[in-house]
Each structure stands twice: as C-alpha cells, then as structure tokens.
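Survey of secondary and tertiary structure
Listed here are the chains, written in short residue letters.
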Amino acid sequence: MRRIAELYRRGGPVFSFEFFPPKTDEGYRTLFETIADLKRLDPGFVSVTCGASGSTRQKTADLVVRIQRDLGLTAMAHVVCTGTPSDQLAESLGWMRGQGIENVLALRGDAPKNQPDWRPVPGGFRHASELAAFIRSRFDYCIGGASYPEKHPDAESPEGDLRHLKAKVDAGVEFLLTQLFFDNEDYWAFIARAREIGIGVPIVPGIMPIVSAANLRHMLTLSPGSKQPAALLRDLDAAGDDADAALEVGVHWATRQCRELLERGAPGIHFFTLNRSPATRRVHGALFPR
C-alpha cells in the first residue's frame, strides 16, 4: 500500500475516488460492484467518508480496511472530530493503523444543524488543525485535509479561511482535497492565494460529474459555499426527465473541467462518485481513451 503524499510527489496526475458507507446490505453490494468497476481505472487511492458527528466512524474504519485488504486498493478513512472525544478517536485510529491503513483525511465535520453555538464534546477538538496535530503526535499516518476554493461557509473571510488552512498544514497535513466547484478560475485563484501565504502542499481538485438537475441542486444544498453554475443548470433543466441526455450534459461538463485542470498542472482529480461508477468512468474514459 502507498502513502498518498508520495503519489503526488512522483509527478503525473493521480486519480482517486470517494465513497460513503452504505446503510443497507444492498447498498454494500452496489458499492463493491462500483469499486470493482472503477478499480480497472487504476486509481491512486480511494477514500471513504464519515457521517456527521462521527456517526459512521466504525463503519468507515471497517470499510477502508475491507477495501484495502480484499481489493488491494490504497484506502483512506475520513476522520471527523465533531462529536467524538479524543480517546475514542485514538482507539479508532490505532485499530486502523494496526490493520495496515496508512492514510487519513482529518476533518472537523459538520456542526450539528440545530446547534448554532456548537461546542466540542469534552475531550474533543474544535478545529481540523487540532485533530491533525493530535494524529501527528500519536500515530504514523499520512494526513490529508480539506480545502474550499470558494471559502468555507463558516469562515469570516477568504483571508481568514486561508489562515485556518495554513494552520492545518503547519499541524501536519501533507495534501489537500478541495470541496466541489464548477468554475476552474475559482480553483486557480485559490491556488495562487494559498501559495502566496506559504501553503506548498498539493491541492487536488474535487470534481463531481453531475447526472441531473435534481442531483446538482441537492449537492449545492450540501455544499453551501459552492456557487451555482448557471450554464450547467440550464442545460440540465433542458434535458428534463431524459436521464441519458442529462448524463451526457454532466459528463461533458466534468470532462471539460478536468481536462483544463490537468492541462494547467493540477496534481490529479478526486472524484466524488456517490457510490456509482458510470459517470465517473465516462469522464475518465474521455480524458484517457484506450
């Protein structure tokens, strides 16, 4: 298995795929069919998300171990500190490390929606930078972090957001994955500002091939810091209930976006798959036809 930061240091684009823990047995069957399908594209790694307040912490840990052990793919666990004290985090991190997992993504996680004055649980952490420092001090992991080209929705300003990002990197984060975005100029402007304040780690664009107007609107509600891409929404609305036409629109948009990012030197693409493979496979195939 591989430490992810080393993959980016080798040069050449690194492709990776993100999944989430299913809720049902049928969901697990579908997920492993998806992973087997995408494995043929030779991803550098895959990642598995963790639910709000760490609600799927054990499922996430079990799943990354299973993927890495049974499918031979480098797997990274998302670790969130919201709602979880440090002793429980240490227990989970220690177990995964003992199972051969070498990579984690250190995240704050979503604050509870009904708690505007949210505070960490006793013995917990408020910021991802604190979590990254904790992991670095206790375990031999390669640590990744999240970044927001259009500003974290809770940040007071783009400058303040970058200061928090620099703190994460200083705490031990070795690479960054971005939140989804639809305008590449936002990514490149973000890269320039990050480099200006001394953030030198790889910043990898996160891309989601959108498959319908409803899919896009739903994802924007989950990513309040992302701008609504008017042209993409217009074309998806024009496709209406024609799923094949909508898929073509989303694949074309994501392919064009990824191609331009790679041509200008992005270190790779991290695909948000929603546990499905067709759209991601189509985009990858358009970028690298066989």
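Everything below is about the structure shown above.
Residues numbered from 1 in each chain as written. Predicted model: local features only at pLDDT ≥ 70, side-chain atom pairs only at ≥ 80, totals over all residues. Heavy atoms only, no water.

A separate point is the layout of surface pockets. The space that makes up the second largest pocket amounts to roughly 170 Å³. Forming the walls of the second largest pocket are 13 residues, and the residues nearest its centre are Pro209, Val211, Thr273, Arg276 and Ala279. Per-element tally for the lining of the second largest pocket: the top contributor is helix α11 (residues 278-287), with three residues. Looking at the lining of the second largest pocket residue by residue, the class counts come to eight nonpolar, four polar and one charged. (1 Å grid on protein atoms, 1.4 Å probe; cavity = no way out; pocket = protein on both sides within 12 Å on 5 of 7 lines; lining within 4 Å. Points joined across faces, edges and corners; volume = space filled by probe spheres on them. Helix = DSSP H or I, 4+ residues; strand = E, 2+ residues; numbered from the N terminus. Nonpolar A, V, L, I, M, F, W, Y, C, P; charged D, E, K, R; others polar.)

A separate point is empty space enclosed by the protein. Any empty space left between the atoms is revealed when a probe the size of a water molecule rolls over them. Counting across every chain of the model gives two cavities of 30 Å³ or more. The volume enclosed by the largest cavity comes to roughly 70 Å³. Partitioning the lining of the largest cavity into residue classes produces eight nonpolar, four polar and one charged. The calculated volume of the second largest cavity comes to roughly 30 Å³. Forming the boundary of the second largest cavity are Phe182, Met208, Pro209, Ile210, Leu232, Gly250, Trp253, Ala254 and Gln257. When residues in the lining of the second largest cavity are grouped by element, the largest group, four residues, is from helix α10 (residues 243-263). Tallied by class, residues from the lining of the second largest cavity come to seven nonpolar, two polar and no charged.

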